[in-house]
Amino acid sequence: MGETQDHTHDIMPGLLPAGTPGVPVTLVSAADWAALEAGLEPPQRAFAAATGFAPKAGRLALLPDAEGGLGRVLFGLGDPQAPAYDRLLAGKLPGLLPPGTYRLEGAPAPHEAALAWLMGAYAFRRYRSGGTETPRLVAPDAVDADAVGRIAAAVARGRDLVNTPANDLGPAEIEAAVRALAARHGAQVSVTLGEDLARDFPLVHAVGAGSPRAPRLIDLTWGPETAPRVTLVGKGVAFDTGGLDIKPSAAMLLMKKDMGGAAAAIAAADMVMGAGLPVRLRLIVPAVENAVSGEAFRPGDVLRSRAGLTVEIGNTDAEGRLILADALALADAEEPDLLIDFATLTGAARVALGPDLPALFTEDDALAEAIAAAGRAAIDPVWRLPLHPPYASLLDSKVADLNNVSGGPFAGAITAALFLRRFAPRTRAHAHLDLYGWNPSTKPGRPEGGEVQTARLVYALLKGRYGGL
């Protein structure tokens, strides 16, 4: 089995203890600037004016002390009440400041600012020579530094998984990441491979059969058996060529991120267990590589699923829903109190909502409202799309129970969600999250590259429901 390296200690140092001396970084809004400016030492006020500082969002001023060193930093917030205000704006600071120790002043929401700082300090340096010293932040007063650090570290580990290229992250390495997660938190892991996989999870086996790297079903459990049952399922396609319906080169370039659903589920599980939430957690990751070979499954094949439904393969590039179908059937058998699946599933969701806004599908209106509220609170938003039942007919097959793709170009994200719903019929509290798993450009707290979208949302949802540290 492969091994993964945990580089998080190098790139995510956490917060320094409250009270540690540091250069003050004053977060200043447009409304507060006049009063703050009047209170500056005259040389600092003159320097800010000479350099043209204004409290616009993201603007920075480095003000000297009497000895010529760095005495204070001003960071503009603009208008925090504006609809487009970015609550993770403080995540720009690690990329703007010189190395050193800093403390925040005037943050509208210190917890959010501290988390934004840590997430903005992330960089994927596994393959880069040398190291870069990053600015360090003192924990703001009344902020739980341990809790913020746990969340940021889970995000960093998940981002590492998405950013690691497929030559170093296949199904075995995804398994190793889950085993490392289990070791950190005292969880149990079982893995199904080979003939057992072919018998018990035939769709997972079929999708992964074209690769020399063996597919597998990874199943982690943690927490008291009597606690509320929460099951997270993550799509773990380590690389997606499209199979025999092969993708063009341009569409294949980012396919190392096709295990972004698994990374998000792993990160969410990391946060849940780290906080000791009183739940019976189950994490299921079907891990495969969708490759091209003489063993690859074919368009037109009819495959039997774990649930007993037969599936005609209309397109081998719609493989994620196949492996999720078997995983969801396993999860649904014990009818958990809450079932959430994470997947980089459809381009249709990206066309509809763009890269920053994952699509949410659920039949449970109360759950949808709770997820949306948790997303707003965690600054990890989603947007609900409908599970429109009449569109299920688009998945009809003439030779099997259903096809894995619809018969036309419309409603691709909805039909994919309807396909998945067929494999978890018992669990009403089921949410499907169709995410991108990637930041196309750098934004505050969200560096370009892999992203564990919805992981913080799900943690916030579960913490709100069940409590914890």
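Residues numbered from 1 in each chain as written. Predicted model: local features only at pLDDT ≥ 70, side-chain atom pairs only at ≥ 80, totals over all residues. Heavy atoms only, no water.

Engineer: Looking at this structure, how should I read the packing of aromatic side chains?
Structural biologist: To describe a pair of aromatic rings, one takes the distance between the centres and the angle between the planes. Enumeration over the complete set of coordinates arrives at 4 aromatic pairs. Ring centres of Trp-33 and Phe-53 lie 5.1 Å apart, and the angle between their planes is 75 degrees; on these two criteria the pair is classed as edge-to-face. Of this pair, Trp-33 sits in helix H2 (residues 33-39) while Phe-53 is found in the loop between helix H3 (42-50) and strand S2 (60-64), placing the two residues 20 residues apart along the sequence. For Phe-53, a relative accessible area of 9% gives the class buried. Each ring, one from Tyr-102 and one from Trp-117, has its centre 6.2 Å from the other, and the planes form 45 degrees; the classification is tilted. Here Trp-117 lies in helix H5 (residues 110-120) and Tyr-102 lies in strand S4 (residues 101-105), a separation of 15 residues in the sequence. (Phe/Tyr/Trp six-rings, centres within 6.5 Å; stacked < 30°, edge-to-face > 60°. Helix = DSSP H or I, 4+ residues; strand = E, 2+ residues; numbered from the N terminus. Buried < 20%, exposed > 50% of the residue type's maximum accessible area, 1.4 Å probe, protein only.)

Engineer: In this structure, what is going on with the layout of surface pockets? I would like to understand it.
Structural biologist: The method is simple in principle: a probe with the dimensions of a water molecule rolls over the atoms, and the space it marks as empty is what remains. Considered as a void within the structure, the largest pocket measures approximately 640 Å³ in volume. Around the largest pocket, the lining is made up of 32 residues, and of these Asp-317, Arg-321, Leu-345, Thr-346 and Gly-347 lie nearest the centre. Mapped onto the lining of the largest pocket, the elements with two or more residues apiece are helix H10 (249-252), helix H12 (320-332), helix H13 (347-353) and helix H15 (412-421). Taken as a whole, the second largest pocket encloses approximately 500 Å³ of empty space. If you trace the second largest pocket, you find 27 residues lining it, with Asp-356, Ile-379, Asp-380, Pro-381 and Arg-446 closest to the centre. For the lining of the second largest pocket, the elements supplying multiple residues, two or more each, are helix H6 (145-163), helix H14 (365-378) and strand S18 (438-439). (1 Å grid on protein atoms, 1.4 Å probe; cavity = no way out; pocket = protein on both sides within 12 Å on 5 of 7 lines; lining within 4 Å. Points joined across faces, edges and corners; volume = space filled by probe spheres on them.)

Engineer: Just to check I follow, could you spell out the sheet that holds S2 for this structure?
Structural biologist: Strand pairing in a sheet relies on backbone hydrogen bonds. The paired strands run either parallel or antiparallel. Within the open sheet, the 5 strands sit side by side as S2-S3-S1-S4-S5. Their pairing is mixed. At either end of the open sheet lies a strand with only one pairing partner, and these are S2 and strand S5 (136-137). Both S2 and strand S3 (residues 70-78) contribute to a ladder of 5 bridges, which runs antiparallel. In the sheet register, Ala-61 faces S3, and the bridge partner there is Leu-74. (Pairing = 2+ DSSP bridges.)

Engineer: Help me understand the side chain of Asp-240, please; the structure alone is not making it clear to me.
Structural biologist: With respect to the helices and strands, the residue Asp-240 is situated in strand S9 (residues 236-240). Relative accessible area serves as the criterion here: at 3%, Asp-240 is assigned to the buried category. At 2.8 Å, the side chain of Asp-240 and the backbone nitrogen of Gly-242 are in polar contact. A polar atom in the side chain of Asp-240 sits 2.8 Å from the side chain of Asn-290. If we skip the residues at most four places from it in the chain, Asp-240 touches Lys-247, Met-252, Met-255, Asp-258, Asn-290, Asp-317 and Glu-319. (Polar contact = N/O pair within 3.5 Å; in protein donor to acceptor, adjacent residues only side chain to side chain. Contact = heavy atoms within 4.5 Å.)

Engineer: Would you mind showing me how to read the nonpolar core here?
Structural biologist: The tendency in soluble globular proteins is for nonpolar side chains to be buried side by side. The biggest cluster of nonpolar side chains holds 87 residues, and the ones touching the most others in it are Leu-232, Leu-283 and Phe-342. In terms of residue count, the dominant contributor to this core is helix H11 (residues 260-274) (11 residues). Judged by nonpolar contacts, the second largest core, of 34 residues, contains Val-237, Val-288, Leu-309 and Leu-339. (Core = buried A, V, L, I, M, F, W, Y, C linked by side-chain atoms within 4.5 Å.)

Engineer: For this particular structure, what's the right way to read the pattern of salt bridges?
Structural biologist: Between side chains of opposite charge, a pair can form as their charged atoms come close. Tallying each qualifying case throughout the model produces 25 salt bridges. Note that Arg-159 and Glu-451 form a salt bridge whose closest N and O atoms lie 2.9 Å from each other. With a gap of 292 residues between them, Arg-159 in helix H6 and Glu-451 in the loop between strand S19 (449-450) and helix H16 (455-466) connect regions that are remote in the sequence. In this structure Arg-159 comes out as buried when scored by relative accessible area, which is 1%. Taking the shortest distance from any N to any O, the salt bridge between Asp-317 and Lys-247 comes out at 3.0 Å. Note that Asp-317 is positioned in the loop between strand S12 (310-312) and H12 and Lys-247 in the loop between S9 and H10, a separation of 70 residues in sequence. Within the structure, one salt-bridge network assembled from shared partners comprises Asp-219, Arg-229, Arg-282 and Glu-334. (Salt bridge = Lys/Arg side-chain N within 4 Å of Asp/Glu carboxyl O.)

Engineer: Teacher, can you tell me more about the pairing of strand S17 (residues 430-434) here?
Structural biologist: As a general feature of sheets, a regular strand has side chains that alternate between the two faces. Counting buried positions along S17 gives 5 out of 5 residues, so the element sits mostly inside the fold. Covered by surrounding structure in S17 are His-430, His-432 and Asp-434 together with Ala-431 and Leu-433, the residues of both alternating faces.

Engineer: Explain the UniProt feature "domain: Cytosol aminopeptidase" (unreviewed entry) in the protein chain here, please?
Structural biologist: UniProt annotation of "domain: Cytosol aminopeptidase" (unreviewed entry) refers to residues 315-322 when read in the numbering used here. Secondary structure content for residues 315-322 is 38% helix and 0% strand, while the C-alpha to C-alpha distance between its ends is 11 Å. (UniProt positions renumbered as here; feature names shortened; annotations may be inferred.)

Engineer: Could you clarify how one ought to interpret the sheet that holds strand S11 (residues 302-304) in this entry?
Structural biologist: Reading across from one edge, S11-S12-S16 is the order of the 3 strands in this open sheet, with mixed pairing throughout. Because the sheet does not close on itself, it has two edges, and the strands there are S11 and strand S16 (402-403). The sheet contact formed by S12 and S16 spans 2 bridges and is parallel. From the neighbouring strand, Val-311 faces S16, where its bridge partner is Leu-402.

Engineer: Mind showing me how you'd approach H15 here?
Structural biologist: Counting buried residues in H15 gives 9 out of 10 residues, a clear majority hidden from the surface. For H15, the full list of buried residues reads Ala-413, Ile-414, Thr-415, Ala-416, Ala-417, Leu-418, Phe-419, Leu-420 and Arg-421.

Engineer: Looking at this structure, I do not really get the pairing of strand S10 (residues 280-290). What am I missing?
Structural biologist: S10 sits mainly inside the fold: 11 of its 11 residues count as buried. By the alternation rule, side chains of S10 split into Arg-280, Arg-282, Ile-284, Pro-286, Val-288 and Asn-290 and Leu-281, Leu-283, Val-285, Ala-287 and Glu-289, which are all buried. Across 7 bridges, strand S7 (residues 216-222) lies against S10 in antiparallel orientation. Bridging across to S10, Thr-221 finds its partner in Arg-282. Looking at chain direction, strand S8 (residues 229-234) and S10 are connected through 5 bridges and run parallel. Bridged to Arg-229 within S10 is Arg-280. By the bridge criterion, 3 bridges tie S9 to S10 in an arrangement that is parallel. Paired with Gly-236 across the two strands is Ala-287, which belongs to S10.

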